[in-house]
Amino acid sequence: MSELTLRDLPDAVLSALRRRAARRGRSLEDEARAIVEAAVRVEESPALGSLLIDVGRDLRLTDEEVALLHQRDRSLPREVAFE
């Protein structure tokens, strides 16, 4: 694996990074790595399905709630009148 060194990081930024790492139960190095990895992933434009899976995971949907999402109106579309 490669290494990365950050020089001249402002003290306030380093302190904030330490606090963030502590809140997440990570080391400073692990937190910095997670931030960099997340930034790169965003640039890779993930598929919509992957984003929806992440949203569901973050919301901690139950199996019943997921089943409701799979239900949909299968009737044919109706013509819309704008009068």
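Residues numbered from 1 in each chain as written. Predicted model: local features only at pLDDT ≥ 70, side-chain atom pairs only at ≥ 80, totals over all residues. Heavy atoms only, no water.

Peer 1: I keep staring at the pattern of salt bridges and nothing clicks. Help me out?
Peer 2: It is possible for side chains of opposite charge to pair when their charged atoms get near one another. According to the stated counting rule, one finds six salt bridges in the structure shown. Among the ionic pairs, Arg20 bridges to Glu31, the shortest N-O distance being 2.5 Å. Taken together, the residues span a long stretch of sequence, with Arg20 in helix α1 (residues 11–23) and Glu31 in helix α2 (residues 28–43) at a distance of 11 residues. On the accessibility criterion, Arg20 (32% relative accessible area) is partly exposed. Look at Glu31 and you get buried, because its relative accessible area is 0%. Salt-bridge contacts for Glu31 lead to Arg26; the nearest nitrogen and oxygen are separated by 2.9 Å. (Salt bridge = Lys/Arg side-chain N within 4 Å of Asp/Glu carboxyl O. Helix = DSSP H or I, 4+ residues; strand = E, 2+ residues; numbered from the N terminus. Buried < 20%, exposed > 50% of the residue type's maximum accessible area, 1.4 Å probe, protein only.)

Peer 1: What am I meant to see in a nonpolar patch on the surface here?
Peer 2: A surface patch of nonpolar side chains, about 440 Å² in accessible area, is lined by Val55, Leu59, Leu61, Val66 and Leu69. Every element with two or more residues in the nonpolar patch is listed here: α3 (48–59) and α4 (63–70). The residue Leu69 is located in helix α4 in this model. Note on Leu69: relative accessible area 63%, which makes it exposed. (Patch = residues over 30% accessible without salt bridge, like charges linked within 9 Å, V, L, I, M, F, W, Y side chains within 5 Å. Areas by Shrake-Rupley, 256 points an atom, 1.4 Å probe, with all protein chains shown as cover.)

None of this, on its own, says anything about what the molecule does.
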